[in-house]
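Structural overview for review
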Amino acid sequence: MRRLPIVLSAVILTVAAACGNDTSSESPLAATSEATATDATATGAAPADEFQDVLDRVREEVGFPGVVARVVTPEYEWTGSSGTIGADRSEEPGPDDHTRIGSITKTMTITALLQLAEDDRLSLEDPIGRYVPGLPNGDVATLGQLASMVSGIPSYTFDEEFQQQLFDDPEAPWTPDELLDYVRGDAPNFAPGERFEYSNTNTIALGLVVEQVSGQSLHEYFRANIFEPLGMADTVMPTDAAIASPHLYGITEQGQPDGQTADATGWNPSWGWSAGAVISTVDDLELWGTALGTGEGILSPEMQQLRLDSFLFDVPGATDTRAYGLGLGIENGWLGHTGELPGFNTYVGYLPERRAVVVAAVNSDIPTADGEEPVTPVANQLKEIVG
């Protein structure tokens, strides 16, 4: 049985790469090479053929059923797709198809935290134990350290008992406190600030902080303070396992016997909650990519600058061009995050110097032959063309 790597994966960073046991490059349910893209549009001087070639070639090489992507710069906008909305399905994916965005949810949770800090309703220097009791390092790890993944708090997703329960009944609902209970009483992995370690526990705890301080459910807070102000009409923090139509159908190997896959579309995302449960579309993620990269519509210029100054280039695992900060990663100038949930893999990125947005969504989380998230080669090659 294949177990969780990180599942709610981080931005495309070496320091936060997911790792799994099965790195097969092909899915037995992959779309055939005949299911090529026809739903592509371009305006201006977009290098449409190059972008489309990336989608077709990577889909064939990696073996996922389908992909939809968008590239937007001041000079052009391009949208394209390849393959199908799911294994054994014939419809082409489109930018209005709903998809589970996994850890891109973290960028939203940390944005909510920054909004509350901006309103002086909390401080990023507050210890997490002031709001959420019983966590390792709870008395010393600050909200900002949790948001930057340097808290030393272990991730519940690595707990074997949690994994067993999740895969025994992937449609079962979870509460945030049930998730946190898997690490309550455990020793911390290191002293706060000592190094980077991606932990989903951090963002679950911060989701509870947002609810406690705002007096709203996370579902309500996101809708009122992020999604509606930005016009993200098709994005939702779900309260159950439903996903609106039209949507992608995701395949996974996680929790399955070796060599077998499962349709994870209807699995309950509550186990990822504020760390990975949000549902969105490529249309909406384009809006989110711009807001995340500029702060426009969600943060003041001062708070956005604080976020952009938060990248921890000096912690073990980071490099001069690759690091993580307040719920956001940077790689070769691109600001963004990936998201992985069983069956789904998504990327959103913004390049300030080009004012460019790249979004890509794949309906599989099965790793490439090199052990990468399947969306990674798509996003990286699209970004390389943008420059």
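Heads up: the structure comes first, above all this text.
Everything quoted here is computed from the prediction, not taken from an experiment.

A few words on the nonpolar core. Counting residues in hydrophobic clusters, the biggest one holds 83 residues, and the most contacted among them are M108, L122, I128, V209, F222 and W288. Among the elements that take part in this core, helix 2 (residues 104-118) stands out by supplying eight residues, more than any other. Setting aside its immediate chain neighbours within four residues, L122 contacts L113, L116, A117, Y131, L143, V209 and V213. The next biggest cluster of nonpolar side chains, apart from the first, holds 24 residues, and it includes F51, A69, A360 and V362.

The interhelical angle for the contact between helix 2 and helix 9 (residues 282-294), taken along N-to-C directions, is 50°, at an axis separation of 12 Å. With respect to helix 9, the element helix 2 is oriented oblique. The two elements helix 2 and helix 9 cross, and the hand of that crossing is left-handed. Only L285, W288 and L292 of helix 9 make contact with helix 2, whose side of the interface consists of I104, T107, M108 and T111. Partitioning the contact of helix 2 with helix 9 into residue classes produces five nonpolar, two polar and no charged.

Turning our eyes to something else, we now look at the pairing of strand 2 (residues 66-72). Summarising burial for strand 2: seven of the seven residues are buried, a large majority. Neither face of strand 2 is left uncovered, since the one carrying G66, V68, R70 and V72 and the one carrying V67, A69 and V71 both have all their residues buried. Two strands pair when backbone bridges link them, and strand 2 and strand 3 (residues 76-83) are joined in this way by seven bridges, in the antiparallel orientation. Across the sheet, A69 pairs through a bridge with G80, a residue of strand 3. Count of turn residues in the strand 2/strand 3 antiparallel hairpin: three residues. Taken together, the six bridges between strand 2 and strand 12 (residues 356-362) define a ladder with antiparallel strand orientation. Bridge pairing in strand 12 links A69 to A360.

About the cut-offs
Residues numbered from 1 in each chain as written. Predicted model: local features only at pLDDT ≥ 70, side-chain atom pairs only at ≥ 80, totals over all residues. Heavy atoms only, no water. Core = buried A, V, L, I, M, F, W, Y, C linked by side-chain atoms within 4.5 Å. Buried < 20%, exposed > 50% of the residue type's maximum accessible area, 1.4 Å probe, protein only. Helix = DSSP H or I, 4+ residues; strand = E, 2+ residues; numbered from the N terminus. Contact = heavy atoms within 4.5 Å. Axes fitted to C-alpha atoms, helices over the stretch in contact; angles between N-to-C directions. Parallel < 35°, antiparallel > 145°, perpendicular 65-115°, else oblique. Left-handed = near helix turned anticlockwise from the far one by under 90°. Nonpolar A, V, L, I, M, F, W, Y, C, P; charged D, E, K, R; others polar. Pairing = 2+ DSSP bridges.

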